[in-house]
Amino acid sequence: MQDATAAPKVWLDLDQAALDAAYDQSVYAPNQSAVHDRRMMMSAIALQRLGEPQVIAYGAGKNHTFDLYRAKEKNRPLAIYVHGGAWKNGRARDFAVLAEVFVNAGAHCAILDFDLVQDCQGDLLPMVEQVRRATAKICAEAASFGADPSRIHVIGHSSGGHMGGCIVTTDWQKDFGLSQNILRGGMLFSGMYELEPVRRSKRSQYVAFTEETVEKLSAIRHIDKICLLYTSDAADDSLRV
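Just so you know, these numbers come straight off a predicted model, no measurement behind them. (Residues numbered from 1 in each chain as written. Predicted model: local features only at pLDDT ≥ 70, side-chain atom pairs only at ≥ 80, totals over all residues. Heavy atoms only, no water.)

1. As for the overall build of the chain
Here is step 1: Counting its regular elements, the chain contains 9 helices and 8 strands.
Here is step 2: Since a compact globule built from 241 residues should have a radius of gyration of about 18 Å, the 19 Å found for the chain is in line with a globular shape.
Here is step 3: Each of the 241 residues in the chain was classed as buried or not, and the buried ones make up 46%.
Here is step 4: Long-range pairs, those at least 24 residues apart, make up 73% of the contacts in the chain between residues at least 6 apart in sequence.
Here is step 5: With an accessible surface of roughly 12,200 Å², the chain has 54% of that area assigned to carbon and sulfur atoms.
Here is step 6: One way to put it: in the chain the 26 positive side-chain charges average out to a point 5 Å from where the 29 negative ones average out. (Helix = DSSP H or I, 4+ residues; strand = E, 2+ residues; numbered from the N terminus. Rg over C-alpha atoms; globule rule 2.2 N^0.38 Å. Buried < 20%, exposed > 50% of the residue type's maximum accessible area, 1.4 Å probe, protein only. Contact = heavy atoms within 4.5 Å. Areas by Shrake-Rupley, 256 points an atom, 1.4 Å probe, with all protein chains shown as cover. Lys, Arg positive; Asp, Glu negative; His and termini not counted. Charge placed at Lys NZ, Arg CZ, Asp CG, Glu CD.)

2. Some details on the environment of Ile155
Here is step 1: Positionally, Ile155 belongs in strand 7 (residues 147–157).
Here is step 2: C-alpha of Ile155 to C-alpha of Ala60: the two residues are 95 residues apart in sequence and 24 Å apart in space.

3. Section: the packing of aromatic side chains
Here is step 1: If you walk through the whole model with that rule in mind, you get 4 aromatic pairs.
Here is step 2: Relative to Phe209, the ring of Trp87 has its centre 6.3 Å away and its plane inclined at 75°; by these criteria the two rings are edge-to-face. With Trp87 in the loop between strand 5 (76–82) and helix 4 (96–105) and Phe209 in the loop between helix 8 (196–199) and helix 9 (211–217), this residue pair connects regions lying 122 residues apart in the sequence.
Here is step 3: Look at Phe209 and you get buried, because its relative accessible area is 11%.
Here is step 4: Over the face of the ring belonging to Tyr206 we find Lys88, whose NZ or CZ atom lies 4.3 Å from the ring centre. (Phe/Tyr/Trp six-rings, centres within 6.5 Å; stacked < 30°, edge-to-face > 60°. Lys NZ or Arg CZ within 6 Å of the ring centre and 35° of its normal.)

4. Describing helix 6 (residues 159–168)
Here is step 1: Among the 10 residues of helix 6, 10 are classified as buried, and the element is accordingly described as predominantly covered.
Here is step 2: Considered for burial, the residues of helix 6 that qualify are Ser159, Gly160, Gly161, His162, Met163, Gly164, Gly165, Cys166, Ile167 and Val168.
Here is step 3: In the core, the buried residues of helix 6 are packed alongside strand 5, helix 5 (124–140), strand 7, helix 7 (172–176), strand 8 (185–189) and helix 9.

5. Quick look at the sheet that holds strand 5
Here is step 1: The 6 strands lie next to each other as 3-4-6-5-7-8, forming an open sheet whose pairing is mixed. In this open sheet, the two strands that pair with only one neighbour each are strand 3 (54–57) and strand 8. Within this sheet the neighbouring strands show an average axis-to-axis angle of 20°, counted without direction.
Here is step 2: Sheet topology places strand 5 next to strand 7; 6 bridges connect them, and they run parallel. Within strand 7, the residue paired with Val82 across the bridge is Gly156. (Pairing = 2+ DSSP bridges. Axes fitted to C-alpha atoms, helices over the stretch in contact; angles between N-to-C directions.)

6. Structural notes on the nonpolar core
Here is step 1: Core analysis: the largest hydrophobic core is formed by 43 residues, its most contacted members being Phe66, Trp87, Leu112, Phe114, Leu124 and Leu195.
Here is step 2: Those elements giving two or more residues to this core turn out to be strand 4 (65–69), strand 5, strand 6 (108–112), helix 5, strand 7, helix 6 and helix 9.
Here is step 3: In this structure Leu195 touches Trp87, Leu124, His162, Phe209, Thr213, Val214, Leu217 and Ser218, once residues within four positions along its chain are discounted.
Here is step 4: In this structure, Leu47, Ala92, Val103 and Ile111 belong to the second largest nonpolar core, which totals 13 residues. (Core = buried A, V, L, I, M, F, W, Y, C linked by side-chain atoms within 4.5 Å.)

7. Remarks on a nonpolar patch on the surface
Here is step 1: Taken together, Ile220, Ile223 and Ile226 make up a surface patch of nonpolar side chains, about 290 Å² in accessible area.
Here is step 2: For Ile226, the position within the fold is in the segment after helix 9. (Patch = residues over 30% accessible without salt bridge, like charges linked within 9 Å, V, L, I, M, F, W, Y side chains within 5 Å. Salt bridge = Lys/Arg side-chain N within 4 Å of Asp/Glu carboxyl O.)

8. As for the packing of helix 5 against helix 6
Here is step 1: Packing of helix 5 against helix 6 brings their axes to within 9 Å, and their N-to-C directions diverge by 60°. Of the possible angle classes, the one that applies to helix 5 and helix 6 is oblique. Read as a crossing pair, helix 5 and helix 6 show a hand that is right-handed. Listed contacts from helix 6 to Leu124, Met127, Val128, Val131, Arg132 and Thr135 of helix 5 are His162, Met163, Cys166 and Ile167.
Here is step 2: Across the contact of helix 5 with helix 6, the residue classes break down as 7 nonpolar, 2 polar and 1 charged. (Parallel < 35°, antiparallel > 145°, perpendicular 65-115°, else oblique. Left-handed = near helix turned anticlockwise from the far one by under 90°. Nonpolar A, V, L, I, M, F, W, Y, C, P; charged D, E, K, R; others polar.)

Here you go:
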């Protein structure tokens with residue numbers, strides 16, 4: 001017998017409170033502040049060891065840059081990192097600790113900066129256009145950075161995972177005049193690849209979701225455009241340095 005007092009479902013089996021909680025890290029990660037503080041501390045230490053990155057512009061805006069941490073040798077793989085932060089927090093320098101892992105392994109690392117959602121009046125479309133433009137520049141000029149153009153990988157976490165999903169489903173030939181297979185691989189985690197439930201959550205209080213946003217930026221709706229060069233060969237060593 002159905003409970004007449006139960007809250008109505010707004011997405012699958014989730015009521016509004018449950019859906020809101022699903023997109024609120026503080027609900028299921030009460031140590032969020034401590035994790036953030038530790039990452040900031042470790043990034044400051046990493047910067048002391050690595051030195052300042054090369055800051056390269058991909059556009060005219062003050063946030064349209066990426067931090068490039070170079071490996072010691074040329075023709076090495078390059079990892080592009082798109083950071084998270086609920087679309088509204090974080091800067092590239094805050095994630096230097098991740099670059100140290102790649103540099104120590106002999107790979108280059110580019111950490112993207114971009115406008116945050118509050119800089120774009122709540123619109124995610126300009127943010128995605130920026131990370132796509134940054135990726136296009138990195139891929140087109142990889143050799144000049146000392147990277148192997150055939151071994152470029154995208155990594156994204158949380159809202160960066162969402163934008164990473166938009167990167168790997170870009171029509172590179174149509175939008176940028178590049179080969180469709182400019183990326184070797186991608187690793188996206190804790191991202192949002194269907195935006196309709198996010199639109200129905202309390203994140204709509206600061207993100208101006210529209211039908212166009214949901215349609216264009218839900219990567220799962222565009223998997224036919226996935227542009228990764230992964231092969232079925234188990235011996236593929238593109239991630240090795």
